[in-house]
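Below are the chains, spelled out letter by letter.
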Amino acid sequence: GQRSSLVMTLSNSQKELAMGTFQVDTLFLEAIKSLIEQGDNTALNRKLKSIHYADIAEIIEYLSIDEATYIIKLLKSETTADALAEVDPDTRERILENLSAKEIAKEVSELDSDDAADMILELSEARQEKVMSQIEDDEHVKDIRELLKYDENTAGGLMAKELVKIEEDLSVLKCLNEMRAQAENVTRVHSIYVVDQKNRLKGRLSLKDLITANSKDKVKDIYIPNVDFVTVDQNNEEVAKIMSKYDLEAIPVVNNKKELVGRITIDDIVDVIKEEAEKDYQLAAGISNDVEADDTIYELVKARLPWLFLGLLGGLGSVFILQDFESVMEQPRLRNLFFYTPLIAAMAGNVGVQSSAIIVQGLANDTVKGSPFKRLLKEIGLSLINGFALALVIIIFGIIINQELLVSLTIAGSMMLVIVVAALIGTFIPILLDKKGIDPAIATGPFITTANDIFGIFLFFYIAKLVLAF
């Protein structure tokens, strides 16, 4: 009956898993939920034990907190610990509330020190101590405590303590034995670092050189002295730029004495890049805080309202500008100017956002270099070409609707100037913000759009007044 149907659904999913095409679909989730409801631990264990922890994490995201907690308690910590490290932090925090200090300690014990520290950090200070008192590995606890001292947005807060390091005075033979002993505690060995007797980073060791060397040779005779590294207090974004620039899978971390204290791997940097991209996207959309769709109404209002208020002020500014030029409405031949106001504002906003988006991207990738004057000339040239092409469209449109040629030329010329000014604002505001230590991504959102709307409308009517004498 129903149970055999569930088992069949799960069996089909297992076949997909074996073929490398496992996907979490509705039928599979319904089957898992039903087995949890029935308390059929044997079937759940059999069907979930061979699933990759990243897929377990995805399954957890679709379950209720109680159902997710049931899965975490059922499966072995070797799997669930990594799965918990992958799930959304808010979901993980709610699951941890349902686990005892001893259960959390089992999960933390299976994680590398960086992931373990991240999980511990989500607990209250009282629970942190209770959990760490339950961890049997004293060295692991020591590593976690050290990592908790660093700011989470620095290399120190991002690094893991697990790595393979060799003293430069060791022979190749002793080096191999030492590596075997250390590698047991390291999930992935990206690099072998060489240190002196005071644990100061000296370089890295190539596996090829190690394998081909004479067993009596010293490490100091074969290691590579050139090695990229970061310091514990360097910002996460700086670390990401360095690893991206040099295509590194891992990078060592040193303190102010150049002592080797940890390493950062590419998976952690991918998370940093993803978080920064999400943050920049929200800033560009006019959201000041890091929020998600399921956050409370209060948090969402707090994140959005300041930028909406800025937009309101910008709109009111445009109203005052239009009032200064209301005399144009009294002249039938010039009344059409008011109908072009939304067009001018839209063009100014769009051009400003385009320019700022390119600059912000360049600043993020560290490619905005060279003379500001050359960038100024380039932006003016690009704006003139784009403005001229769009101005021709305005003139042709004016001919089609039998609009006075001088009026069409005035509108087209004003729009060209507005486009140039908007492009310059969109180019230099992000650069200025970056130099002042403010995230330049803020310039791609309502800030730059509102500024360009006001400037655009003012320039449009001011030039029209000079040319058409109203």
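Predicted, not measured: the structure shown is a model, and the values here were computed from it.

Novice: For the overall build of the chain, give the residues involved together with the corresponding values.
Specialist: Per the secondary structure count, the chain includes 22 helices and 6 strands. A buried classification covers 44% of the 470 residues belonging to the chain. Of the roughly 26000 Å² of accessible surface on the chain, a fraction of 55% belongs to carbon and sulfur atoms.

Novice: Which residues make up the pairing of strand 5 (residues 250-254), and what values do they have?
Specialist: For strand 5, the tally of buried residues reaches 5 of 5 residues, placing the bulk of the element in the interior. Where burial is concerned, the two faces of strand 5 agree: the one with Ala 250, Pro 252 and Val 254 and the one with Ile 251 and Val 253 are both buried. In this sheet, strand 5 lies alongside strand 4 (residues 230-231) in parallel orientation, the contact comprising 2 bridges. Bridge pairing in strand 5 links Val 230 to Val 253. By the bridge criterion, 5 bridges tie strand 5 to strand 6 (residues 260-265) in an arrangement that is antiparallel. Within the sheet, the bridge partner assigned to Ile 251 lies in strand 6 and is Ile 264.

Novice: With reference to specific residues and values, describe the pairing of strand 1 (residues 164-167).
Specialist: Burial along strand 1 is one-sided: the residues Val 164 and Ile 166 are buried and none of Lys 165 and Glu 167 is. Bridge count for strand 1 against strand 2 (residues 192-195) is 4 bridges, and the pairing is parallel. Looking at the pairing, Glu 167 lines up with Val 195 of strand 2.

Novice: Describe the nonpolar core, and please don't skip the residues or the numbers.
Specialist: Grouped together as the largest cluster of nonpolar side chains are 59 residues, with contacts concentrated most on Leu 48, Val 108 and Ile 264. Ranked by size, the runner-up nonpolar core spans 29 residues in total, among them Leu 337, Tyr 340, Val 418 and Ala 423.

Novice: Which residues make up the packing of helix 4 (residues 53-62) against helix 6 (residues 77-86), and what are the values?
Specialist: With their axes 8 Å apart at the nearest point, helix 4 and helix 6 run at an angle of 60° to one another. Considering their axes alone, helix 4 and helix 6 lie oblique with respect to each other. Helix 4 and helix 6 meet at a crossing whose hand is right-handed. Here Tyr 53, Ile 56, Ala 57 and Ile 60 of helix 4 lie close against helix 6, whose contacting residues are Thr 79, Asp 82, Ala 83 and Glu 86. A class-by-class count of the residues in the contact of helix 4 with helix 6 yields 5 nonpolar, 1 polar and 2 charged.

Novice: I'd like a description of the environment of Cys 175, backed by residues and values.
Specialist: Within the fold, Cys 175 resides in helix 13 (residues 172-183). The exposure class assigned to Cys 175 is buried, which follows from its relative accessible area of 0%. On a C-alpha basis, the gap between Cys 175 and Val 219 in space is 7.5 Å, while along the polypeptide they are 44 residues apart. In contact with Cys 175, other than residues within four places in its own chain, are Ile 166, Leu 170, Leu 205, Leu 210 and Val 219.

Novice: Tell me about the pattern of salt bridges, residues and numbers included.
Specialist: Taken as a whole and judged by the stated rule, the model has 6 salt bridges. Between Glu 67 and Lys 33 there is a salt bridge whose closest N-O contact spans 3.0 Å. Of the two residues, Glu 67 sits in helix 5 (residues 65-74) while Lys 33 sits in helix 2 (residues 26-38), which places them 34 residues apart along the sequence. Judged by relative accessible area, which is 29%, Lys 33 ranks as partly exposed. A salt bridge links Arg 92 to Glu 122, with the nearest nitrogen and oxygen atoms 2.5 Å apart. Placement of the pair is Arg 92 in helix 7 (residues 89-97) and Glu 122 in the loop between helix 9 (113-121) and helix 10 (125-134), with a sequence separation of 30 residues.

Novice: So what's going on with helix 4? Which residues, and what values?
Specialist: Residue pairs three or four apart in sequence face the same way in an α-helix, which turns once every 3.6 residues. For helix 4, the set of buried residues is Asp 55, Ile 56, Ala 57, Ile 59 and Ile 60. Check the buried side of helix 4 and you find it contacts helix 2, helix 3 (41-48), helix 5, helix 6 and helix 7.

Novice: An account of the sheet that holds strand 3 (residues 201-205) is needed here, citing residue identities and associated values.
Specialist: Within the open sheet, the 3 strands sit side by side as 1-2-3. Their pairing is mixed. With one partner strand each, in any of the chains shown, strand 1 and strand 3 form the two edges of the open sheet. Geometrically, the sheet is characterised by an average inter-axis angle of 35° between neighbouring strands, direction not taken into account.

Novice: Go over the sheet that holds strand 6 with me, naming the residues and quoting the values.
Specialist: Across the sheet, which stays open at both edges, the 3 strands sit in the order 4-5-6 with mixed pairing between neighbours. Here the strands that pair on one side only, and so sit at the sheet edges, are strand 4 and strand 6.

Novice: Tell me what's going on with a nonpolar patch on the surface, and back it up with residues and numbers.
Specialist: A surface patch of nonpolar side chains, amounting to about 590 Å² of accessible area, comprises Phe 309, Leu 312, Leu 313, Leu 316, Val 319 and Phe 320. On the secondary structure map, Leu 312 appears in helix 17 (residues 297-324). The class of Leu 312 is partly exposed, set by a relative accessible area of 48%.

Novice: Could you give an account of helix 10, with specific residues and numbers?
Specialist: Restricting attention to buried positions, one finds in helix 10 the residues Gln 128, Val 131 and Met 132. With its buried residues spanning 95° around the axis, helix 10 presents them on a single face. When the buried face of helix 10 is taken as reference, the exposed residues oriented beyond 90 degrees from it are Ala 126, Lys 130 and Ser 133. In the core, the buried residues of helix 10 are packed alongside helix 8 (101-109), helix 9 and helix 11 (138-148).

Novice: Explain the packing of aromatic side chains to me, using residue names and the numbers behind them.
Specialist: With the rule as written, the count across this model stands at 3 aromatic pairs. Centre to centre, the rings of Phe 338 and Phe 461 are 5.2 Å apart; their planes meet at 50°, and the pair counts as tilted. Placement of Phe 338 in helix 18 (residues 336-339) and of Phe 461 in helix 22 (residues 446-468) is noted, with a sequence separation of 123 residues between them. For the pair Phe 460 and Phe 461, a centre-to-centre distance of 5.0 Å together with 65° between the ring planes defines the contact as edge-to-face. Cluster of aromatic residues (ring-pair linked, three or more members): Phe 338, Phe 460 and Phe 461.

Novice: Can you explain the confidence of the model for the chain? Please cite residues and give values.
Specialist: Chain-level statistics for the chain give a pLDDT mean of 84 and a share of 89% at 70 or above. Ranking the helices and strands of the chain by mean pLDDT puts strand 4 first, with 96, and helix 1 (residues 2-18) last, with 45. For residues 1-19, every residue scores under 50 in pLDDT, and the model assigns this stretch 29 contacts once sequence neighbours within four places are set aside.

Novice: How would you explain the environment of Ile 32 if you had to name every residue and give the values?
Specialist: In this structure, Ile 32 sits in helix 2. Residue classification places Ile 32 among the buried residues on the basis of a relative accessible area of 0%. Ile 32 sits 15 residues away from Lys 47 along the chain, and the two C-alpha atoms are 9.1 Å apart.

About the thresholds
- Residue numbering note: each chain is counted from 1, following its sequence as written.
- Only residues with pLDDT of at least 70 get local features here, since the model is predicted, and only at 80 or more are side-chain atom pairs given and counted; chain-wide, interface and lining totals rely on the full set of residues.
- In computing side-chain values, all of the structure's heavy atoms are included and hydrogens and water are not.
- The numbering of helices and of strands both runs from the N terminus, where a helix is a DSSP run of H or I of at least 4 residues and a strand a run of E of at least 2.
- When accessible area is computed with a 1.4 Å probe and restricted to protein chains, residues below 20% of their type maximum are described as buried, those above 50% as exposed, and intermediate ones as partly exposed.
- Accessible surface is estimated by sampling points in the Shrake-Rupley manner with a 1.4 Å probe; for residues, cover comes only from the protein chains shown.
- In this scheme, strands are said to pair when DSSP sees at least two bridges between them.
- The term nonpolar core refers to a set of buried residues drawn from Ala, Val, Leu, Ile, Met, Phe, Trp, Tyr and Cys, joined through side-chain atoms within 4.5 Å.
- To obtain an axis, a line is fitted to C-alpha atoms, over the contacting stretch when the element is a helix, and the angle between two such axes runs from 0 to 180 degrees between their N-to-C directions.
- The cut-offs work like this: below 35 degrees is roughly parallel, past 145 is roughly antiparallel, 65 to 115 is roughly perpendicular, and the gaps in between are oblique.
- Note on convention: the crossing is left-handed when the near helix lies turned anticlockwise from the far helix by less than a right angle, right-handed when the turn is clockwise.
- Throughout, a residue-residue contact means that at least one pair of heavy atoms, one from each residue, lies within 4.5 Å.
- In this classification, the charged set is Asp, Glu, Lys and Arg, the nonpolar set is Ala, Val, Leu, Ile, Met, Phe, Trp, Tyr, Cys and Pro, and all remaining amino acids, among them Gly, are polar.
- Only one rule defines a salt bridge in this text: a Lys or Arg side-chain nitrogen within 4 Å of an Asp or Glu carboxyl oxygen.
- Grouping into patches uses exposed residues only, defined as over 30% relative accessible area, and leaves out salt-bridged ones; the cut-off is 9 Å for like charges and 5 Å for nonpolar side chains (Val, Leu, Ile, Met, Phe, Trp, Tyr).
- Starting at the helix axis, one direction is taken to each C-beta atom, and the arc is that of these directions.
- Working definition: a ring pair exists when centres of Phe, Tyr or Trp rings (six-membered ring for Trp) sit within 6.5 Å. Plane angles under 30 degrees give stacked, over 60 give edge-to-face, the rest tilted.
- As a per-residue measure, pLDDT tells how confident the predictor is, with possible values from 0 to 100.

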